[in-house]
Amino acid sequence: MIKLHHLNNSRSQRVIWALEELGLDFEIESYQRDPTTYLAPEKLKEVHPLGKAPILEDGENKIAESAVIIDYLVNQYAPNLKPEINTEEYLNYQYWMHYAEGSLMPYLVMKLVF
Ligand SMILES: N[C@@H](CCC(=O)N[C@@H](CS)C(=O)NCC(=O)O)C(=O)O
């Protein structure tokens, strides 16, 4: 079973979006930001030394960095969605992958209650 370590009001929302779109079964382990510092709780460092969300666990694999997680999910569960490298489609794929992580992200982050 895939497990997503999710922090409230964070870019791990994007990973939930991807997991839902791919129709994968997953569970969420939810963490809350410190209301004063807005930092992740220390216990997230026990999952991965980066101590930031999202972190995805899938079997033996423990993956940090949201773009790496999305790429992993596509490679593992929907390789047909990934265009051939060095094609115009691949450039578009990369563009939308990083647009969602970068320019679009401030608009995606929303208050969630998990
Ligand atoms: N480049 C990383 C950034 C990870 C990151 O900074 N996550 C933020 C949430 S959007 C976080 O965990 N902040 C809490 C903290 O820094 O303590 C990614 O895309 O996953």
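K.L.:
Can you walk me through the sheet that holds strand 3 (residues 55-58) in this structure?
P.N.:
Strands pair in a sheet through their backbones, by hydrogen bonds, and they do so in one of two ways: parallel or antiparallel. Taken in spatial order, the four strands make up an open sheet running 2-1-3-4, and their pairing is mixed. At either margin of the open sheet sits one strand with a lone partner, and together these are strand 2 (26-31) and strand 4 (61-64). Shown here is a sheet whose adjacent strand axes are inclined to one another by a mean of 20°, direction ignored. Both strand 1 (residues 2-7) and strand 3 contribute to a ladder of three bridges, which runs antiparallel. Bridging across to strand 3, histidine 5 finds its partner in isoleucine 55.

K.L.:
Could you clarify how one ought to interpret the packing of aromatic side chains in this entry?
P.N.:
The geometry of an aromatic ring pair comes down to the distance between the two centres and the angle between the two planes. Applying the stated criterion to the full structure yields four aromatic pairs. Ring geometry for tyrosine 95 versus tyrosine 99: centroids 5.6 Å apart, planes at 20°, classification stacked. Residue tyrosine 95 and its partner tyrosine 99 are both found in helix 4 (residues 88-101); the two are separated by four residues, about one turn of the helix. We classify tyrosine 99 as partly exposed; its relative accessible area is 27%. On the numbers, 5.4 Å between centres and 85° between planes, the contact of tryptophan 96 with tyrosine 99 is edge-to-face.

K.L.:
Is there a simple way to explain the side chain of asparagine 8 in this structure?
P.N.:
For asparagine 8, the location among the structural elements is in the loop between strand 1 and helix 1 (12-21). Residue asparagine 8 is classed as buried on the basis of its relative accessible area, which comes to 15%. Side-chain polar atoms of asparagine 8 contact the backbone nitrogen of arginine 33, separated by 2.6 Å.

K.L.:
Looking at this model, I keep getting lost on the pattern of salt bridges. Mind explaining?
P.N.:
Scanning the model with the defined rule gives five salt bridges in all. Arginine 11 is paired through a salt bridge with glutamate 101; the nearest N and O atoms lie 3.1 Å apart. Residue arginine 11 is found in the loop between strand 1 and helix 1, and its partner glutamate 101 is found in helix 4; the two are separated by 90 residues along the sequence. On the basis of relative accessibility, which here comes to 35%, the residue arginine 11 falls in the partly exposed class. The partner of lysine 45 in a salt bridge is glutamate 42, with the nearest N and O atoms 3.2 Å apart. Its relative accessible area of 57% is what places glutamate 42 among the exposed residues.

Calculation notes
Residues numbered from 1 in each chain as written. Predicted model: local features only at pLDDT ≥ 70, side-chain atom pairs only at ≥ 80, totals over all residues. Heavy atoms only, no water. Pairing = 2+ DSSP bridges. Helix = DSSP H or I, 4+ residues; strand = E, 2+ residues; numbered from the N terminus. Axes fitted to C-alpha atoms, helices over the stretch in contact; angles between N-to-C directions. Phe/Tyr/Trp six-rings, centres within 6.5 Å; stacked < 30°, edge-to-face > 60°. Buried < 20%, exposed > 50% of the residue type's maximum accessible area, 1.4 Å probe, protein only. Polar contact = N/O pair within 3.5 Å; in protein donor to acceptor, adjacent residues only side chain to side chain. Salt bridge = Lys/Arg side-chain N within 4 Å of Asp/Glu carboxyl O.

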